[in-house]
Amino acid sequence: MNEILKTISIALKAMKKNKIRTSLTILGMVIGVASVIIVFSAGAGIESLIVSQIQSFGTDIIQTEIKIPSNKKGSDNSLGIVQGVQITSLNLDDLKDLNKLANIQNTYAGILGQEQLNYKNETKATTLMGVTASFIDIDKSEIDIGRFFTDAEDKSLAKVIILGNKIKNELFGNSDALGKFVKLNKTNYQIIGIMKERGAMLGMDFDEYAYIPLRTIQKRIMGVDHILYMTHGIYNTEIAENTAEEIREILRDNHNINNPDKDAALDDFRVTTMKEMMDMMGTITKYITLLLLAIIIISLIVGGVGVMNIMYVIVSERTSEIGLRKALGANKSNIMLQFLIESILVTFLSALLGIILGVIMSYLISIIATMNGFKEWEFIIPIKAYITAFLFSIISGLLFGVYPARKAAKLDPITALRK
Amino acid sequence: MLIKIQNLKKQYGEEELITKVLHGLSFTINQGEFISIMGPSGSGKSTLMHILGLLDRLTKGQYEFEGQDVSKLDDNQLAKLRNEKIGFVFQAFHLLPKTTVLENVMLPLAYSSDKKNHIAKAKKILESVDLGHRLNYYSNQISGGEKQRVAIARALVNNPSVIFADEPTGNLDSKSGKQVMELLQNLNDQGNTIILVTHETQTAEHANRIIQLKDGLIVNDSSVKNKRIAKNEKILVK
Ligand SMILES: Nc1ncnc2c1ncn2[C@@H]1O[C@H](COP(=O)(O)OP(=O)(O)OP(=O)(O)O)[C@@H](O)[C@H]1O
Ligand SMILES: [Mg+2]
């Protein structure tokens, strides 16, 4: 033990004497280790963000949406918008049938449109959400002023509209909007409510949406009968998977899909429970994290080779020192240990600095993320990040230090001294 | 008897590239002797010193150090013996750069089994070679003569049985050279065995006995009649 302490102090002295070179040597390692920390932390941050965003939709819902059926797995297109193919099979009859399922409390249907809203001289391109009246019961969005439309208004194709917070502000500023009329397709729609501010989630800015009754948008604006999606509120989340399967069976039956193997690729719809959604997102972030780590490991190895390089230089620079130490009584293992400890110290120090740098950077990233609307981004450094960084540093110190150290230990004291 | 060699031969290299350097040397050295090994350049003085100093192994012959056949010792045992029994002083000083005088002198203690009072020991030795005022100077901040005295202090710090000095004055001006020789002489007066390698007759005559080498053979081995006594203003060893 005493030997090792003594050797550490010898190595530390040597490093202190070559401050500039030591810092250049460790730079690659420091950056590599910092990247490890950042990737782990960003991975955890993104996951926390996604989980909390998904949870904010509510865990007690199941989502049913259209998709293009395909014979090849994995190539199905979300919402069937790509390739100009439009799936029109999902409709309100399906909704009526699905609402009969025991675990389904209620369902709302929706379809999206892009339209211009006019008020006086102001024009605003808006995402129109055509939904059924139960939207306001199932979705987490809330009314700020006024009210949502009723089922009766939906069925009578009423020309009413509820504005998202941002749209209201852009068209009306601070003045009162409730009861006023906005023009949509040259037709007046009365504003009966303003939504509470909700912010952006998973790339959707709820405050930029305007809501009108589903049947109004189908008949008066788009001239269609189908819907894009349904969101089911359920009673019991424990059996959500079973309910999802029941939904699939009913829809296959309704859409005349012959699918005895229950191959999701053949369906013209997709049913997702919230748990599946979270699992899917979790898997995605995990793979991204792994991929980034693989890249970083390569950069760490490059850093390690840099350390090895420098250790070789140090050894050849110090041949006469090594010869002297041997003459004064150092044996092979003393010399070997000295250089091994030096390289481990170098990599350990790199890890330490890299961790500090990585933690600071991760903290900054989390602050920047929160400031830019990702409020649920948590600043987390998983323990495995520290463990990976330290393990890697010590292993690479050993691995990349052992050859130079062996070279040093093998030096013949006489030839080393003659230099 | 401290050192006994019999028919010592040394060659470097293998097969066609063999260089035969020492061709069969025999002598004994006793505790307390001051010996100069002399000879022209290339005669094998340093080679002999390296073998006697256990830095190198002989090719043929016998070498007993303090009664022990050193050919039977492995590298680690030789390192331990060098650490405990042998002090080296080199022409090129070989001090560690960017290291203080005190730390340089402490270096052999780092490899010794003696774990205590390293600083106190090194300080005491440095004071005895009149360098008490240079303890925390870096090795590049002192003069050549001071460097060599640091090297001598380093050779002494483990209280060795013998000190080997290979051309210790070779890189020094005559005044510093004189100081170094006076120091070695005083150490010998106190009972230290000293083996000095030099090719200068004047320097060699500080010893009591001169072994002359030529082409790897001893051509003369005799005691010095007119032993030179180095004199200086100061007495360096107290
Ligand atoms: N490692 C080696 N390999 C081959 N030959 C060597 C080696 N070391 C020394 N020699 C040869 O051995 C001979 C004796 O060398 P040595 O250094 O012992 O001489 P020296 O008497 O100390 O000379 P100098 O006064 O110049 O220091 C020389 O011819 C030298 O070239
Ligand atoms: Mg020589």
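Residues numbered from 1 in each chain as written. Chains lettered and ligands numbered in written order. Predicted model: local features only at pLDDT ≥ 70, side-chain atom pairs only at ≥ 80, totals over all residues. Heavy atoms only, no water.

Moving on: the sheet that holds strand β9 (residues 209-214) of chain B. All names here are of chain B. Overall, mixed pairing links the six strands, which are arranged β6-β7-β8-β3-β9-β10 in an open sheet. With partners counted over all chains shown, the strands left at the sheet margins are β6 (86-89) and β10 (217-223), one partner each. Here the strands of the sheet are splayed against their neighbours by 15 degrees on average, with no regard to which way each runs. Alignment of β9 against β10, held across six bridges, turns out to be antiparallel. What sits directly across from Arg-209, in β10, is Ser-223. On the sheet, helix α1 (residues 45-52) packs against β3 (34-38), β6, β7 (162-166), β8 (193-197) and β9 and is oriented at approximately 155 degrees with respect to β7. (Pairing = 2+ DSSP bridges. Helix = DSSP H or I, 4+ residues; strand = E, 2+ residues; numbered from the N terminus. Axes fitted to C-alpha atoms, helices over the stretch in contact; angles between N-to-C directions. Contact = heavy atoms within 4.5 Å.)

Moving on to the sheet that holds strand β4 (residues 60-65) of chain B. All names here are of chain B. Strand order across the open sheet formed by four strands is β2-β1-β4-β5, with antiparallel pairing between neighbours. Lying at the two open borders of the sheet, with one neighbouring strand each, are β2 (19-29) and β5 (68-69). Strand direction decides the pairing type here: β4 and β5, joined by two bridges, are antiparallel. In the strand pairing of β5, Phe-65 is matched with Gln-68.

Residues and elements named next belong to chain B. Inspection of the entire model under this criterion finds 29 salt bridges over all chains. Ionic pairing is found between Asp-56 and Lys-10, a salt bridge with its closest N-O pair at 3.3 Å. Residue Asp-56 is located in the loop between α1 and β4, and its partner Lys-10 is located in strand β1 (residues 3-12); the two are separated by 46 residues in the primary sequence. The same class applies to Asp-56 as to Lys-10, namely buried. (Salt bridge = Lys/Arg side-chain N within 4 Å of Asp/Glu carboxyl O. Buried < 20%, exposed > 50% of the residue type's maximum accessible area, 1.4 Å probe, protein only.)

All right, on to the confidence of the model for chain B then. All names here are of chain B. In the predicted model, chain B carries a mean pLDDT of 92, and the fraction of residues at 70 or more is 96%. No element of chain B has a lower mean pLDDT than helix α7 (residues 201-204), at 90, and none a higher one than β8, at 97. When the criterion is pLDDT under 50, residues 233-238 qualifies, and its contacts beyond four places in sequence or with other chains add up to 20 contacts. With pTM at 0.70, the complex prediction returns an ipTM value of 0.93. (pLDDT = per-residue confidence, 0-100.)

Glancing now at the interface of chain A and chain B. On the side of chain B, 27 residues touch chain A, which itself brings 25 residues to the contact. Buried surface at the junction of chain A and chain B, both sides included, amounts to about 2200 Å², of which 58% is carbon and sulfur. It is Lys-17, Leu-328 and Ile-414 of chain A in chain A that bury the most area against chain B; as a group they hold 27% of the surface buried on that side. Where chain A packs against chain B, one counts one salt bridge. For Lys-332 of chain A, the salt bridge is made with Asp-75 of chain B, and the minimal N-O distance between the two is 3.6 Å. Those elements that provide at least two residues to the side of chain A that touches chain B are α1 (2-17), α10 (319-327), α11 (332-371) and α13 (413-418) of chain A. When the residues that make up the side of chain A that touches chain B are grouped by side-chain class, the tally is eight nonpolar, seven polar and 10 charged. (Buried area = accessible area lost by both parts, 1.4 Å probe. Nonpolar A, V, L, I, M, F, W, Y, C, P; charged D, E, K, R; others polar.)

Turning our eyes to something else, we now look at unusual backbone geometry. Residue and element names in this part refer to chain B. At Asn-159, a position not held by glycine, the phi torsion is positive, near 50 degrees. As for its position among the elements, Asn-159 is in the loop between α5 (144-156) and β7. Residue class for Asn-159 comes out exposed when judged on its relative accessible area of 61%. Within the chain, Asp-215 stands out as a residue other than glycine whose phi angle is a positive 50 degrees. For Asp-215, the position within the fold is in the loop between β9 and β10.

Residues and elements named next belong to chain A. Where helix α9 (residues 274-317) contacts helix α12 (residues 383-410), the two axes come as close as 9 Å, and the packing angle between them is 30 degrees. For the element pair α9 / α12, the angle class is roughly parallel. Along this stretch, α9 crosses α12, giving a crossing that reads as right-handed. On α12, the residues that touch Ile-297, Leu-300, Ile-301, Gly-304, Val-305, Met-308, Met-311, Tyr-312, Val-315 and Ser-316 of α9 are Phe-392, Phe-400, Tyr-403, Pro-404, Lys-407 and Ala-408. A per-class count over the contact of α9 with α12 returns 13 nonpolar, two polar and one charged. (Parallel < 35°, antiparallel > 145°, perpendicular 65-115°, else oblique. Left-handed = near helix turned anticlockwise from the far one by under 90°.)

In the vicinity of ligand 1, the residues found are Arg-418 of chain A together with Tyr-12, Thr-19, Val-21, Pro-40, Ser-41, Gly-42, Ser-43, Gly-44, Lys-45, Ser-46 and Thr-47 of chain B. Around ligand 1 the close residues trace back to chains A and B. Within the side chain of Ser-46 of chain B, an N or O atom sits 2.7 Å from an oxygen atom of ligand 1. Isolated, ligand 1 exposes 630 Å² of accessible area, and the fraction of that covered by the protein chains is 65%. (Near = heavy atom within 4 Å. Polar contact = N/O pair within 3.5 Å; in protein donor to acceptor, adjacent residues only side chain to side chain. Areas by Shrake-Rupley, 256 points an atom, 1.4 Å probe, with all protein chains shown as cover.)

Here the focus is the packing of aromatic side chains. Inspection of every chain in the model, using the stated rule, returns 13 aromatic pairs over all chains. A ring pair is formed by Phe-135 of chain A and Tyr-211 of chain A, whose centres lie 4.8 Å apart and whose planes are at 35 degrees; its orientation type is tilted. With Phe-135 of chain A in helix α4 (residues 135-138) and Tyr-211 of chain A in strand β10 (residues 209-213), this residue pair connects regions lying 76 residues apart in the sequence. Here Phe-206 of chain A and Tyr-209 of chain A contribute two aromatic rings whose centre-to-centre distance is 5.8 Å and whose plane-to-plane angle is 75 degrees, an arrangement assigned as edge-to-face. The pair formed by Phe-206 of chain A and Tyr-209 of chain A is uniform in burial state, with each residue classed as buried. Among the aromatic residues, those joined into a ring-pair cluster are Tyr-108, Phe-135, Phe-148, Phe-149, Tyr-211 and Tyr-229 of chain A. Between the NZ or CZ atom of Arg-134 of chain B and the centre of the ring of Tyr-137 of chain B, over which it lies, the distance is 4.6 Å. (Phe/Tyr/Trp six-rings, centres within 6.5 Å; stacked < 30°, edge-to-face > 60°. Lys NZ or Arg CZ within 6 Å of the ring centre and 35° of its normal.)

The side chains of a regular strand alternate between the sheet's two faces. All names here are of chain A. Where strand β2 (residues 104-119) lies against strand β11 (residues 229-234), six bridges are found, and the strand directions are antiparallel. Residue pairing for β11: Thr-107 is matched across the bridge by His-232. Across 10 bridges, β2 lies against strand β3 (residues 122-131) in antiparallel orientation. Its bridge partner lying in β3, Glu-115 is registered against Thr-126. A loop of two residues connects β2 with β3, the two strands running antiparallel in sequence, and Lys-120 in this loop sits at a positive phi of about 50 degrees. Where β2 meets strand β6 (residues 181-184), two bridges bridge the pair, whose relative direction is antiparallel.

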